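# Analysis of the macromolecular model
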Amino acid sequence: MRVEERANPSVLEAVRRVWGFDALRPLQARAIELAVENRDGLVVLPTGGGKSLCYQTPPLVTGKVTVVLSPLIALMRDQVRGLELHGYPAAALHSGLEADEARETIARLRAGELKLILCAPERAVNPGFKSLLAELADAGRLGAIAIDEAHCISQWGHDFRPEYRRLRELREVTPGVGMQAFTATATPRVREDIVHQLGLRERGGESVVPLVGDFDRPNLTYRVRARRTDGAEQISAAIGAMHERGEGGAIVYCLSRAKTEELAGKLRAAGHDAEAYHAGLNAKVRHDVERRFTNEQLDVVCATVAFGMGIDRSNVRLVAHANLPKSVEAYQQEAGRAGRDGLEAECMLLTSPSDAARWRQLIERSAEETGATPESVAAQVGLLQEMQRFATALVCRHRALCEHFGQAFPKDNCAACDVCLGETEPEPESQRLAQMILSAVARTQQGYGAGHVVDVLRGSRGEKIARAGHDRLSVFGLLSERTRGELMAFVDQLLAAGALELGEFKTLRFTAHGAALMRGEATIRLALPMGTRQASSERRERAPRASSELEARPLDADEKRLFESLRALRKSIAEELAVPPYVVFSDATLRELCRAKPRDARAMLRVKGVGPKKVESFGERFLERLSEQF
Ligand code: ADP
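Residues numbered from 1 in each chain as written. Predicted model: local features only at pLDDT ≥ 70, side-chain atom pairs only at ≥ 80, totals over all residues. Heavy atoms only, no water.

Here the focus is the pairing of strand 9 (residues 249-253). Within strand 9, five of the five residues are buried, which leaves the element mostly enclosed by the surrounding structure. Summarising the sheet, strand 9 and strand 12 (residues 316-321) pair through five bridges and their orientation is parallel. Each bridged residue has a counterpart across the sheet, and for Ile 251 the counterpart in strand 12 is Val 319. (Buried < 20%, exposed > 50% of the residue type's maximum accessible area, 1.4 Å probe, protein only. Helix = DSSP H or I, 4+ residues; strand = E, 2+ residues; numbered from the N terminus. Pairing = 2+ DSSP bridges.)

Moving on: the environment of Met 488. Assignment of secondary structure puts Met 488 in helix 21 (residues 484-496). Along the backbone, Met 488 and Val 453 are 35 residues apart, and their C-alpha atoms lie at a distance of 9.4 Å.

All right, on to the site of the ligand then. In the vicinity of the ligand there are 14 residues, among which Ala 23, Gly 48, Lys 51, Ser 52 and Arg 340 approach most closely. Within the backbone of Gly 49, one N or O atom sits 3.4 Å away from an oxygen atom of the ligand. Here an oxygen atom of the ligand and a side-chain polar atom of Arg 340 are 2.9 Å apart. Contact with the protein chains removes 80% of the 570 Å² of surface that the ligand exposes when unbound. For the shell around the ligand, the element with the most residues is helix 3 (residues 51-56), which contributes three residues. (Near = heavy atom within 4 Å. Polar contact = N/O pair within 3.5 Å; in protein donor to acceptor, adjacent residues only side chain to side chain. Areas by Shrake-Rupley, 256 points an atom, 1.4 Å probe, with all protein chains shown as cover.)

A word on unusual backbone geometry. Residues other than glycine seldom take positive phi values, yet Gln 445 does so here, at roughly 60°. By the secondary structure assignment, Gln 445 is in the loop between helix 18 (430-443) and helix 19 (450-458). A positive phi angle is found at Lys 506, which is not glycine, with a value near 60°. Within the fold, Lys 506 resides in the loop between strand 15 (500-502) and strand 16 (508-510).

Glancing now at the nonpolar core. Core analysis: the biggest nonpolar cluster contains 43 residues, and Tyr 222, Phe 293, Val 301, Phe 307, Tyr 331 and Phe 390 have the highest contact counts within it. No other element matches helix 16 (residues 374-392), which puts six residues into this core. Those residues in contact with Phe 307, other than ones at most four positions away along the chain, are Ile 251, Tyr 253, Tyr 277, Glu 290, Phe 293, Val 301 and Arg 337. (Core = buried A, V, L, I, M, F, W, Y, C linked by side-chain atoms within 4.5 Å. Contact = heavy atoms within 4.5 Å.)

Here we come to the confidence of the model for the chain. Low pLDDT means the predicted coordinates in that region are not meant to be read closely. Looking at the chain as a whole, the pLDDT averages 87, with 93% of positions reaching at least 70. In this model residues 531-552 is a low-confidence stretch, pLDDT under 50, and it forms 40 contacts with partners more than four residues away in sequence or in other chains. (pLDDT = per-residue confidence, 0-100.)

With that out of the way, let us pick up the environment of Lys 326. One can find Lys 326 in the loop between strand 12 and helix 14 (328-335). Judged by its relative accessible area of 30%, Lys 326 falls in the partly exposed class. For the pair Lys 326 and Trp 359, spaced 33 residues apart in the sequence, the C-alpha separation amounts to 6.8 Å.

As a further point, take the sheet that holds strand 13 (residues 345-350). Taken in spatial order, the six strands of this open sheet run 8-13-12-9-11-10, and their pairing is parallel. Sheet topology places strand 8 (220-225) and strand 10 (274-277) at the edges, where each strand pairs with a single neighbour. The average angle at which neighbouring strand axes cross in this sheet is 15°, direction not considered. Seen against the sheet, helix 12 (residues 257-269) touches strand 9, strand 10 and strand 11 (300-303) and runs at an angle of roughly 175° to strand 10. (Axes fitted to C-alpha atoms, helices over the stretch in contact; angles between N-to-C directions.)

What follows concerns the sheet that holds strand 4 (residues 116-119). The strand order across the open sheet built from seven strands is 3-4-2-5-6-1-7, with neighbouring strands paired in parallel fashion. Each edge of the open sheet is held by one strand with a lone partner, namely strand 3 (90-93) and strand 7 (211-212). Where strand 2 (residues 65-69) and strand 4 come together, four bridges link them in parallel fashion. In the sheet register, Val 67 faces strand 4, and the bridge partner there is Ile 117.

Moving on: the packing of aromatic side chains. Going through the model one piece at a time under the given rule, you end up with ten aromatic pairs. Their ring planes at 70° and their centres at 5.7 Å tell us that Phe 293 and Phe 307 sit as a pair that is edge-to-face. Taken as a pair, Phe 293 in helix 13 (residues 283-294) and Phe 307 in the loop between strand 11 and strand 12 lie far apart in primary sequence, 14 residues in all. Pair check on accessibility: Phe 293 and Phe 307 agree, each one buried. On the basis of an interplanar angle of 85° and a centroid distance of 5.6 Å, the ring pair of Phe 585 and Phe 618 is categorised as edge-to-face. Residue Phe 585 is found in the loop between helix 25 (581-584) and helix 26 (587-596), and its partner Phe 618 is found in helix 28 (residues 612-627); the two are separated by 33 residues along the sequence. Here Phe 585 matches Phe 618 in class, with each residue buried. Between Arg 313 and the ring centre of Phe 293, over which it is positioned, the NZ or CZ distance is 4.7 Å. A cation over an aromatic ring shows up here: Arg 591 above the ring of Phe 563, its NZ or CZ 5.3 Å from the ring centre. (Phe/Tyr/Trp six-rings, centres within 6.5 Å; stacked < 30°, edge-to-face > 60°. Lys NZ or Arg CZ within 6 Å of the ring centre and 35° of its normal.)

Another aspect to go through is the pattern of salt bridges. A full pass over the atoms with the stated rule returns 33 salt bridges. Note that Glu 275 and Arg 268 form a salt bridge whose closest N and O atoms lie 3.9 Å from each other. The class for Glu 275 is partly exposed, based on a relative accessible area of 25%. The exposure class of Arg 268 is partly exposed, given its relative accessible area of 44%. (Salt bridge = Lys/Arg side-chain N within 4 Å of Asp/Glu carboxyl O.)

So, in structure tokens, the structure goes:
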């Protein structure tokens, strides 16, 4: 539910003046207030929820500077450029700067010329910077310390960075200055850890209670294909469908470096503009792919999870996972890179049971290399199991994600996931089928894997079956009319429902719940995912949905042409200014401009996302382009 919050008038005035936004998003007002009132806090907002505005606004109200700790240089650079375009003085300090650039930044900070300074954690805790912070705090000029991507502080989270642990040291040198931590992904355990590690306290001394935003992203459509058939083909079809709907980028997450390259090659062969991205490529290639994707010169990036934190392209229209992600947190964050502009976008997850086995190997290997504690390994395996359950359970995806983050989901049908869109086919004879499969597991003495059990049920005449004498079992050929893929999907669902479990060498074993099903004391619903192709053609016929922030009316043909023309203009301005296009205007703002067709600067200022500084810098050129339509 999106409820507007009452905000301090000077806060609203600043947000309107600098960014041209006419309202704050949920929790933004309260988060901004924390810093203005010098209080500690933890703010949990989903990706795209507008965390940056929460720490960028207080300096405009208090006149003091905010220090922001941020983990990635690319992220800092883009943010500084973006702010400068709004006429907001900001700078970044990180290892990518020359010594004289860093000196100049520090001099500007001392001289009171900066409102915001973004800083890498390891840099922030060096003695020189700490004494500078102490100096600013003493002089009453340090307004707040903000920690972005705060989950990096916790080993229970999915992006642990040891250097974040030292950030607490900043508190000792800046007594009385509030510290606010921000993250998109935090289970209660990670939240507690952040509060504890940073020593975040209310005025009265008790630990802060986190402000947790609305995790649902209504503009995202989630689809899970729990049995990958041909990954490249399924992804290629989804990219094709994305292009038919309009412009935008796609990110395809893969589990291994080799897979990113292989898939990018296949997608190129299918006619898509795709590149691979992973940490094994040299820095120049990686940087080039990042830039081209952000600048909308490249449509598709097949990447490992190394790609993302710094990628701020707001019109990513498809995030596909070619493999199971390692946790629901990671999934929420990666999938959350779709549709940051609030417009409709698609998240597609392809998986097969071998993905989880591969993750386990990776977790164990990395634990050996890093000497991770058994608890940390157990925590990671637990996160992985939650993700497996998410993928195989046939529960509304929006609901499952919300509930994972401890929130109730109010709707019965989200109309934006494979389950609610009816893209799964309920199996009419679920109970009987389940019993047949369980019975085949029993007859084969719980000593074989899913493939063998399914072959027995289908009546395959393989050598292994003959050798074991399984062609003489009563269950042999009992389900010969079903395909192998269908039966494998049912086995997965029995595993997900806890009726079966995997033993040594992935053999299928009974559980107590499985035994109850056999006796008819428990029931189960099995279903099958519908074909991906069919699903994507249905989707094309559906009316576009829009988040509550946007007008629901789609662009008509003339407006679409105008949109393309404004996009081209945006691109050339972005190139002149050496910034990514979304920094000039987001797609959402361009669409609004096409609908509103302002004729002068004043009318243009009424469009969401248009601030005075932008009107001054390039408003004329947009107005000119718009006037060609009259
Ligand atoms: P996060 O860091 O939480 O992922 P961002 O700070 O990048 O999200 O914000 C996502 C998008 O939402 C940006 O394009 C930003 O300009 C926009 N945004 C933020 N706050 C508002 C607001 N109050 N009204 C309209 N758009 C907003």
